[in-house]
Amino acid sequence: MLDKIKEIIAVILPGTDKDTLTENTRLFEDLQFDSISMMMLLTELEEGFGFRFNQFVGFETIGDITGYLECRI
Amino acid sequence: MVEVRQVKTKKDIKEFIEFPLRLYKKCPYFIPPLYGDEKKLLTSGGNTKYAESAFFLALKDGKTAGRLHAIIQKQYNELHSTTQVRFTRFDSIDDKEVAHALFKAAEDWGKARNMKQIVGPLGFSDLDREGMLVEGFEEDSTFEEQYNFPYYPQLVEAYGFKKDADWLEYELRAPKEENKTLARITKRSLEMNKLHVASSNMSKRRYIAKYRDGFFDCLDECYRKLYGTVPITREAQDELIDQFLLIVNKKYLVFICDENDRVVGFGLCFPGLSDALRYSKGKLTPLTLLKILRVVRKPKVIDLGLVAVRPEYQRKAVNAVLLEGMIKMLTEGTVEKCETNLNLETNTAVQAQWKYFSSRQHKRRRSYIKEIG
């Protein structure tokens, strides 16, 4: 799951080195996400993992994403 | 010898309005304000419940050599606990003595009213022309901003003014590559946030009337902490609507609403009027009106007027709706570029959005401040 999330992030932020991403990577502070990148992430997660978000979720770290998906899927 | 006097007579009013038209007669970058609007302001004296004005002319060797409008924005001073007199409509020949005589007159007028600082160029509100051009002297001005010659900042700084705030301006063109993701996420953003784009399937007048209160409420909430801004009074709202009704095109006025049809965000753009007004001296002759109407129907340039999203919806990608709308404008139809107008230098959130376009930061404006008390 973590690998798939890293791939999605690399698609949203071209040039990102997937090997440097960890569960502790902070999306806004470390990767300079903005709300549009976050929305891109949410839509890619929906397509990649086959579910729909009921509302906008602003993840802080990659670990938050894996934690959410583990509960949701 | 420079003489400064306050504008009192009809002749003074005419001179005040026409001096910059002469000064910039051959300048292709200067776009005049509407003559009628300026005359209305000066004839009224520029005094309201919320602001007090004085208009000054400077004469050298018997000829008008400069002008300046001083404002005490009482509402701003009360809200921010400041004692500031603003200056705006500053124009001068390249002569320190003239410029300094005007600043001194504004200072003295402000000091007599217990003001301790002078700042500008700033108008009555954030919706007036503001900021002195300090970079980008060979770029077109938009209708919403005041051009000045390159020697102006030197005149101001020589009097002891220091930088108070800067604004940056960008020229936006269509992105080099199509961003299909942005279109996709716009739909999801609206769905996730339970928002919708208001229907404009009605007359322009009705559309504006329906959403006007929501628009101004949203504007005040979003702009209240920004430099130099004040809430827009009901009278000022009416004036603004009257002023801009002719040139507003519903296609470029988007309201984002919640389930209760409450405005939570908006984007207001204007067809760029620079070409239509360039050598018009601000007078709406039949020919100028025809040029304006042509531009309103088929603009080549869009000027970004106002964009805002309420704080509770910021960082939730609601701005994707507005950005996607702007990109559509640039890729479909006649629009070649968008002028962002003034973005506060410190407003990095707004400026970060321009990465979705092919963008060029081409102008910088400055507001200056000086202690006078």
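The present account deals with the structure reproduced in this document. Residues take numbers from 1 onward in each chain, read along the sequence in its written order. Each chain is given a letter, starting from A, and each ligand a number, starting from 1, according to the order in which they appear as written. Only residues with pLDDT of 70 or above have their local features reported here, since the model is predicted, and side-chain atom pairs are shown and tallied only from 80 upward, although totals for entire chains, interfaces and linings are computed over all residues.

## Describing the interface of chain A and chain B
This is how it is decided: Contacts are defined on C-beta atoms placed from the backbone: any two residues whose C-beta positions lie within 7 Å are in contact. Basically, the charged four are Asp, Glu, Lys and Arg, the nonpolar ten are Ala, Val, Leu, Ile, Met, Phe, Trp, Tyr, Cys and Pro, and anything else, Gly included, counts as polar.
Contact with chain A, which involves 11 residues of that partner, is made by 13 residues of chain B. Grouping the constituent residues of the side of chain A that touches chain B by class yields six nonpolar, four polar and one charged.

## Let's talk about unusual backbone geometry
All names here are of chain B. Cut-off, in case you're wondering: Helix numbers and strand numbers start at the N terminus; a helix is a DSSP run of H or I with at least 4 residues, a strand a run of E with at least 2. Counting other C-beta atoms within 10 Å of each residue's C-beta, where C-beta atoms are placed from the backbone, gives the exposure class: buried for 20 or more, exposed for 12 or fewer, partly exposed between.
In this structure, proline 121 follows glycine 120 across a cis peptide bond, with omega equal to 0 degrees. Tracing the chain through its elements places proline 121 in the loop between β5 (117–120) and β6 (132–135). Non-glycine residue serine 81 carries a positive phi angle of around 50 degrees. Here serine 81 shows up in the loop between α3 (74–80) and β4 (84–92). Owing to 6 C-beta atoms within 10 Å, serine 81 belongs among the exposed residues under this scheme. In this structure, aspartate 261 is a non-glycine residue whose phi angle is positive, near 65 degrees.

## Describing helix α1 (residues 2–12) of chain A
All names here are of chain A. Test applied: The directions from the helix axis to the C-beta atoms form the arc being described.
Ile5, Ile9 and Ile12 are the residues of α1 that are buried. Angular distribution of buried residues about the axis of α1 spans 60 degrees; they occupy a single face of the element. The inward-facing, buried residues of α1 abut α2 (35–49) and α3 (62–72).

## Things to note about the packing of helix α1 (residues 10–23) of chain B against helix α2 (residues 35–44) of chain B
Residue and element names in this part refer to chain B. Applied cut-off: Only the stretch in contact is used when a helix axis is fitted, and all axes are lines through C-alpha atoms; the angle between N-to-C directions ranges over 0 to 180 degrees. An angle below 35 degrees is treated as roughly parallel, one above 145 as roughly antiparallel, one from 65 to 115 as roughly perpendicular, and anything else as oblique. Less than a right angle of anticlockwise turn of the near helix away from the far helix marks a crossing as left-handed, whereas a clockwise turn marks it as right-handed.
At a minimum axis separation of 10 Å, α1 and α2 run at an interaxial angle of 140 degrees. Classified by the interaxial angle, the pair formed by α1 and α2 is oblique. Considering the relative orientation of α1 and α2, their crossing is right-handed. When α1 is examined against α2, the residues Ile13, Phe16 and Ile17 are found in contact with a partner set consisting of Tyr35, Glu38, Lys39, Leu42 and Thr43. Of the residues assigned to the contact of α1 with α2, the class counts are five nonpolar, one polar and two charged.

## Let's talk about helix α7 (residues 204–223) of chain B
All names here are of chain B. The criterion, for reference: Expected span of a helix, by definition, is 1.5 Å for each gap between consecutive residues, and there is one gap fewer than residues. Note that the bend at a residue is defined as the angle between axes fitted to the seven residues ending at it and the seven residues starting at it.
Compared with the 28 Å implied by 1.5 Å per residue over 20 residues, the 25 Å span of α7 between its first and last C-alpha is markedly short. Largest kink in α7: about 50 degrees, centred on tyrosine 211. Listing the buried residues of α7 in full gives Tyr211, Phe215, Cys218, Leu219 and Cys222. Packed against the buried residues of α7 are β9 (253–257), β10 (263–271) and β11 (301–309).

## A few points about the pairing of strand β7 (residues 162–173) of chain B
Residue and element names in this part refer to chain B. Going by this rule: Any two strands with at least two DSSP bridges between them are considered paired.
Across 11 bridges, the pairing between β7 and strand β14 (residues 358–371) is antiparallel. Looking at the pairing, glutamate 171 lines up with arginine 360 of β14. Here two bridges tie β7 to strand β13 (residues 343–344), and the two strands are oriented antiparallel to one another. Within β13, the residue paired with tryptophan 167 across the bridge is leucine 344. Here β7 pairs with strand β12 (residues 337–339) via two bridges, running antiparallel. Along β12, the bridge assignment pairs glutamate 171 with glutamate 339.

Coordinates in, geometry out; function isn't part of it.
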